[in-house]
Structures are given as structure tokens and as C-alpha cells.
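Remarks on the overall topology
The chain contents come next:
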Amino acid sequence: DPHSNYIPAADLQQVNEQLEGNFEGVGIEFMVLDDTILVVTPMSGGPSEAVGILAGDKIVEIEDTIVAGVEMATRDIVKRLRGVKGSAVRLGIKRVGEDELIDFTVTRDKIPVHSVDVAYMLDAETGYIKINRFSASTYKEFMEHLEELVEKHAMQDLVIDLRQNPGG
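Reading guide: rules and limits
Residues numbered from 1 in each chain as written. Predicted model: local features only at pLDDT ≥ 70, side-chain atom pairs only at ≥ 80, totals over all residues. Heavy atoms only, no water. Helix = DSSP H or I, 4+ residues; strand = E, 2+ residues; numbered from the N terminus. Contact = heavy atoms within 4.5 Å. Pairing = 2+ DSSP bridges. Polar contact = N/O pair within 3.5 Å; in protein donor to acceptor, adjacent residues only side chain to side chain. Axes fitted to C-alpha atoms, helices over the stretch in contact; angles between N-to-C directions. Salt bridge = Lys/Arg side-chain N within 4 Å of Asp/Glu carboxyl O. Buried < 20%, exposed > 50% of the residue type's maximum accessible area, 1.4 Å probe, protein only.

**Re the side chain of S48**
With respect to the helices and strands, the residue S48 is situated in helix α2 (residues 47-51). With near-sequence residues (within four places) excluded, S48 lies in contact with V26, G27, I28, P42, I53 and V106.

**Some thoughts on the pairing of strand β9 (residues 116-121)**
Two strands pair when backbone bridges link them, and β9 and strand β10 (residues 126-131) are joined in this way by 5 bridges, in the antiparallel orientation. Within the sheet, the bridge partner assigned to V116 lies in β10 and is I131. The antiparallel hairpin formed by β9 and β10 contains 4 residues in its connecting segment.

**Brief notes about the side chain of R108**
In this fold, R108 is placed in the loop between β7 (102-107) and β8 (109-112). Among the polar contacts made by the side chain of R108, one reaches the main-chain carbonyl oxygen of R80 at a distance of 2.9 Å. R108 has contacts with G25, V26, R80, L81, R82, G83, V84, K85, G86, S87, A88 and V89, leaving out every residue within four places of it along the chain.

**Details of the sheet that holds strand β11 (residues 157-161)**
In spatial order, the strands read β9-β10-β11; together these 3 strands make up an open sheet with mixed pairing. Each edge of the open sheet carries a strand with a single partner, namely β9 and β11. Mean inter-strand twist for the sheet, computed between neighbouring axes without regard to direction, equals 10°.

**Quick look at the pattern of salt bridges**
Evaluation of the coordinates by the stated rule reveals 7 salt bridges. Here D57 and R95 are joined by a salt bridge, their closest N and O atoms 2.7 Å apart. On the criterion of sequence distance, the pair formed by D57 in the loop between α2 and β4 (58-62) and R95 in the loop between β6 (88-94) and β7 is long-range, its members being 38 residues apart. The exposure classification of D57 matches that of R95, with both residues buried. For R90, the salt bridge identified is with D64, shortest N-O distance 3.5 Å. With a gap of 26 residues between them, R90 in strand β6 and D64 in the loop between β4 and β5 (65-66) connect regions that are remote in the sequence. Overall, the relative accessible area of 72% leaves D64 in the exposed class. Among the charged side chains, a network of salt bridges with common partners joins E61, D64, R90 and D103.

Remember, this is a structural readout, not a statement about activity or role.
In C-alpha cells, the structure reads:
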């Protein structure tokens, strides 16, 4: 079957979290740039944003382990950042303009993974909904936004944007 993929047991939890629409962790989007974890953005309303972590911050330490300049798989980084809701993790952050590392203690929480990026009116009659992925919460999110567009804005036509959506 060309539409099926084998998912190793070690990756199953991460795949299921994306499908279920939430996970427990610190609430950041990150990328690894030159063996340093770069915060792309703290998730809105998440625990990292609440303690003051900013886009552009570099994670140098997780707990007492130096993670900058060390070859580390994304899977291993995720394991260190995610954890049980209510558990705390200390992050040593390098921020532009600061000479010393800034320590943050982040209490992990449930992080929703939203399927609908935006929903708004393009003109007086046409609504627009952007769906970035399909998960267990997609239908509910979509219907909530659809109902709001119909009830508050008397939407007659709808554009559903599935660009860059990996399917599901």
C-alpha cells in the first residue's frame, strides 16, 4: 500500500500525540541550528511563554545537561522537554544581549495542537478557514469556526485552505 508507513514503536507516542491533538510538555516550537536548540516560538498560552521564554532564545542546558554544541537527535530533545503535566524542568537559556545564561523553570502542561490556523471573512459573504493538519480535534475545531462565521458574519461561501496540510 503506497499510502501506509511503518511507524517504529519508539516513534508511536509522538505520532499519536499529533493525531490526538495535544501533548504534555513545555510548549515551544524549536529547530536545531548548528547543534543548538533555537526557540522558533513559544506556543501561545503555553508554560514557556508564561515564564518569559522568547522566540530566538537558545536552549543551552536542560536540567544539568549541556545540550548546545552536542549532536543530539530531535527525538532525544523532545524526550527531555516533554513530560508529565505538573512536572518541572529547568532550562538554561542564552539570549541575545545577555552575557550570562538565564535560568527558567518551566512547569509542563497540556499543550493543544490546533488543526485550524485561522478563520475569518475574506469579504462580506466569503469565509476562509486554514486547516494545517488532521487530528482527532479537527472536526470540532472546524465546526466551531464554521458556526462562528455563519452566525456572526452571515457567511454564504467558504474557502477551505489545505495547502501544506500533510493529509490524514
